[in-house]
Amino acid sequence: MATPKSLTRLADSFVAQETLVQPIETVLPASVVFTNAGRIGFDAFERKMLNTTYRSRLAAFDPVVLGRLPRGTTMLGGDSYWIWHEDCLVSDQINPLTSDRLQSFEALSSMPFKTETIEEPCLLVARYGDVTWGHWVGEILPRAVMAERAHPGRFRFVLGQSITTAPETRGYATVILESLAAFGIGEERILKVRPDRHYRFKSLHAVSGIWSIAGMNPIVMDAMREAMRKSVRPAKHQRIAILRRNNHTRGFHNGEAVHALLAESGFHVPTIETLPFREQVSLFLGAEMVFGVQGSGLINLIFAPQGVRVISMAPAAWQDSYFHPLIQARDGWHADLRGPTLWTGEGLQRDAPFLAIEPDITAAITHLEQAPAVVARSGVIELAGSTLPRRLGSQLKEVAFGAAGNASDYTQFGWSHPEQTHTWAVGPFSTMRLMTPQSHGQIVLELDVVALVLDRGLIGRPLDVVVNGVPVGGTVVDSFTTLAVVLPHACLARHDRLDIVFIHPVCLSPRRTGHGDDDRDTAISFLALRLMAIEGLPNSEQKAAA
């Protein structure tokens, strides 16, 4: 075989294509209402999550496209599922952990395998990761589901022989076949590619765009759930717990105590990995609250109802946020729990057993039981000392306090000079003035701030916000914090300007506290201010009338 000269994306390889789902932008709402990440020594990760993943955000999803690959596209053997055509190797089929792709290609292509030519129209489903249930259900199975949904009965489906040949006793291949059959794809339509063969296709098709940077396409999620709703009855268990009891990674050190606590709290604890596919789906279709260790068992959140409440657990070193967008797409509520890792130095630290903090599980259940009340009055979620808008509204105004920003147009008294990413407020208070924006919804003032906490005896710096003479909210800033407050009608009525006063009475210079020569009485640094319009929230007058 010739050596490919370049890598190409699957979507760029199509010679003909059909758009199954148009590109979309949608709001993924803030959903985390409880986390213990900071308290167990993982505060840097928590700050990152507060600033990015946990926040309500506008997410862009690529189109889902069914395309035809060039005639003669070849799949290499060795259970690699690598495909190439002409001089191009398709990157989507290559495990990102593969270090030397060219060397691996040469090794695979030089294997003395027979090359089999396939004449009939086929759909590429096989891909690295197919031996992991989470990747199968969330990333690979949807390829087949969306193609079959668009063109029932048209394709044979290209899958590895090892995961589609059912053993005499129930095994992983059994549930793979069950999952395909649930969506109308029988075993007779599977092209089971052998590891000791190369395959050349005259008409190979593929689906791209199931996942984007923002997560799994929510329309694909909905299509899979709706298909199952037509044939699967939701289970009667309102609370289910998915534990990794038969897995060697990310297991509970105190598993028996956790199991007992969950049972006392009304959770059904099935051995999910032994259940037929439809029974797994049934459990999630009917679940109001789900407890699970972050892992493959939680991928069935695809089938969960809107508003599902999820407690996820992981070791402190586990930084994957794979499942969070699934919860957001289901408009769900999330308690993100971490536990101290009991790592012995062998294997990966993130996969080591860990200790579940039982009082935190109890607190998470309590928070989720009352989750809607967290946002009933203000439309924001209170989390880890910060408040996050539940849903991103239209942005009315943004002020950036860095050197390249626009804050100098609005700041008045009590500010230092702009630095690269921020501006320090100095002295006990600082002021700024904005024009009052026009909005038919409630206006939320959102601040990204960081406190200067150098002395171990100083646990935080208070910050209060006054708008047009009306106190609107505040917090104690002990690290990076996002503060969001809904502006009441009293501070907006008959005002064409917003005169804002930030009160930060604890202001000490680094020099006075023995931390350098800076003699500015710094208190809190401001990174950004945003004014957001959140539609559908009752204003203060409507609340009073209610």
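Residues numbered from 1 in each chain as written. Predicted model: local features only at pLDDT ≥ 70, side-chain atom pairs only at ≥ 80, totals over all residues. Heavy atoms only, no water.

### Re the environment of Thr8
So the rule is basically this: Starting at the N terminus, helices and strands are each numbered in turn, a helix being any DSSP run of H or I of at least four residues and a strand any DSSP run of E of at least two. Throughout, exposure labels follow a simple rule: accessible area from a 1.4 Å probe, protein chains only, divided by the maximum for the residue type, with under 20% read as buried, over 50% as exposed, and the rest as partly exposed. A contact between two residues is defined here by any heavy atoms of the two lying within 4.5 Å.
Mapped onto the elements of the fold, Thr8 is located in strand β1 (residues 6-8). For Thr8, a relative accessible area of 14% gives the class buried. Separated by 74 residues in the primary sequence, Thr8 and Trp82 have C-alpha atoms spaced 12 Å apart. Not counting the four nearest positions on each side in its chain, Thr8 is found in contact with Ser13, His85, Cys88, Leu89, Val90, Ser91 and Asp92.

### Considerations on the packing of aromatic side chains
Our working rule: Pairing of aromatic rings covers Phe, Tyr and the six-membered ring of Trp, with a centre-to-centre limit of 6.5 Å; geometry is then stacked below 30 degrees between planes, edge-to-face above 60, and tilted otherwise. Working rule: Lys NZ or Arg CZ, within 6 Å of ring centre, within 35 degrees of ring normal, means a charge sits over the ring.
Applying the stated criterion across every chain yields a total of 17 aromatic pairs. Cluster of aromatic residues (ring-pair linked, three or more members): Trp133, Tyr172, Phe183, Phe277 and Phe303. When the ring centre of Tyr128 is taken as reference, the NZ or CZ atom of Arg127 above it lies at 4.1 Å.

### Section: the sheet that holds strand β30 (residues 470-477)
Operational definition: Following DSSP output, two strands are said to pair if at least two bridges run between them. Here, axes are lines fitted to C-alpha atoms. For helices the fit covers the stretch in contact, and angles between N-to-C directions go from 0 to 180 degrees.
Taken together, four strands build an open sheet; the order of strands is β27-β32-β29-β30 and the sheet is antiparallel. Here the strands that pair on one side only, and so sit at the sheet edges, are β27 (429-435) and β30. Averaged over all neighbouring strand pairs, the angle between strand axes comes to 20°, with direction disregarded.

### A word on the sheet that holds strand β19 (residues 289-293)
Within the open sheet, the five strands sit side by side as β4-β21-β20-β19-β18. Their pairing is parallel. The sheet is open, and its two borders are formed by β4 (32-35) and β18 (239-242), each paired with just one other strand. On average, each strand axis in the sheet is inclined to that of its neighbour by 15°, with strand direction left out of account. One ladder, built from five bridges, connects β19 with strand β20 (residues 309-315); its direction is parallel.

### So, the pairing of strand β29 (residues 461-467)
Each regular strand shows side chains that alternate between the opposite faces of the sheet. Burial runs high along β29: five of the seven residues are buried. Both β29 and β30 contribute to a ladder of seven bridges, which runs antiparallel. Along β30, the bridge assignment pairs Arg461 with Val477. Taken together, β29 and the strand that follows it, β30, pair antiparallel across an intervening segment of two residues, in which Asn468 is found at a positive phi of about 50°. Both β29 and strand β32 (residues 497-503) contribute to a ladder of four bridges, which runs antiparallel. If you follow Val465 over to β32, its bridge partner there is Phe502.

### Remarks on the pairing of strand β6 (residues 64-68)
Counting buried positions along β6 gives four out of five residues, so the element sits mostly inside the fold. Relative to β6, strand β2 (residues 16-21) runs antiparallel, the two sharing five bridges. For Glu18, the partnering residue across the bridge sits in β6 and is Leu66.

### Quick notes on the nonpolar core
Counted only if it meets this: Each nonpolar core is a collection of buried residues, namely Ala, Val, Leu, Ile, Met, Phe, Trp, Tyr and Cys, held together in the definition by side-chain atoms within 4.5 Å.
Ranked by size, the top nonpolar core spans 60 residues in total, and within it Trp136, Leu180, Phe183, Met224, Phe277, Phe284 and Phe303 carry the most contacts. Counting only elements with at least two residues in this core, the list comes to β6, α3 (133-150), β12 (156-160), α5 (172-182), α6 (218-229), β18, α8 (277-285) and α9 (324-329). The element that contributes the greatest number of residues to this core is α3, accounting for nine residues. Ignoring sequence-local partners within four residues, the contact set of Leu180 consists of Trp136, Leu141, Ala144, Leu159, Ile185 and Ile190. Membership of the second largest hydrophobic core comes to 34 residues, among which are Ala241, Ile311, Phe354 and Ile365.

### Let's talk about the packing of helix α7 (residues 255-264) against helix α10 (residues 358-369)
Two quantities define a packed helix pair, namely the angle between the helix axes and the distance between the axes. What counts, and what does not: Here is the rule for angles: anything less than 35 degrees is roughly parallel, anything more than 145 is roughly antiparallel, 65 through 115 is roughly perpendicular, and the remaining ranges are oblique. Note on convention: the crossing is left-handed when the near helix lies turned anticlockwise from the far helix by less than a right angle, right-handed when the turn is clockwise. Residues were grouped as follows: Ala, Val, Leu, Ile, Met, Phe, Trp, Tyr, Cys and Pro as nonpolar; Asp, Glu, Lys and Arg as charged; and all remaining residues, including Gly, as polar.
It is the contact of α7 with α10, at a shortest axis distance of 11 Å, that shows an interaxial angle of 25°. Here α7 lies roughly parallel to α10, going by the angle between them. Along this stretch, α7 crosses α10, giving a crossing that reads as right-handed. Between α7 and α10, the residues in contact are Ala257, Val258, Leu261 and Leu262 and Glu358, Ile361, Thr362 and Ile365, respectively. Residue composition of the contact of α7 with α10, by class: six nonpolar, one polar and one charged.

### Thoughts on α10
One turn of the α-helix equals 3.6 residues, which is why residues spaced by three or four share an orientation. As a reminder of what qualifies: A helix is expected to reach a length of 1.5 Å times the quantity of its residues less one. Note: the arc covers the axis-to-C-beta directions of the helix.
Over its twelve residues, α10 extends 17 Å from the first C-alpha to the last, a length consistent with the 16 Å expected when each residue adds 1.5 Å. Along α10, the positions that sit buried rather than exposed are Asp360, Ile361, Ala364, Ile365 and Leu368. The buried side chains of α10 occupy one side of the element, clustering within an arc of 140° when seen end-on.

### Things to note about α7
Among all positions in α7, only Val258, Leu261 and Leu262 are buried. The arc that holds the buried residues of α7, viewed along the axis, is 95°, so those residues lie on one side. Every exposed residue of α7 that faces more than 90 degrees away from the buried side is listed here: Glu256 and Glu264. Contact partners of the buried residues in α7: β18, β19 and α10. At the C-terminal side of α7, Gly266 shows a positive phi close to 90°.

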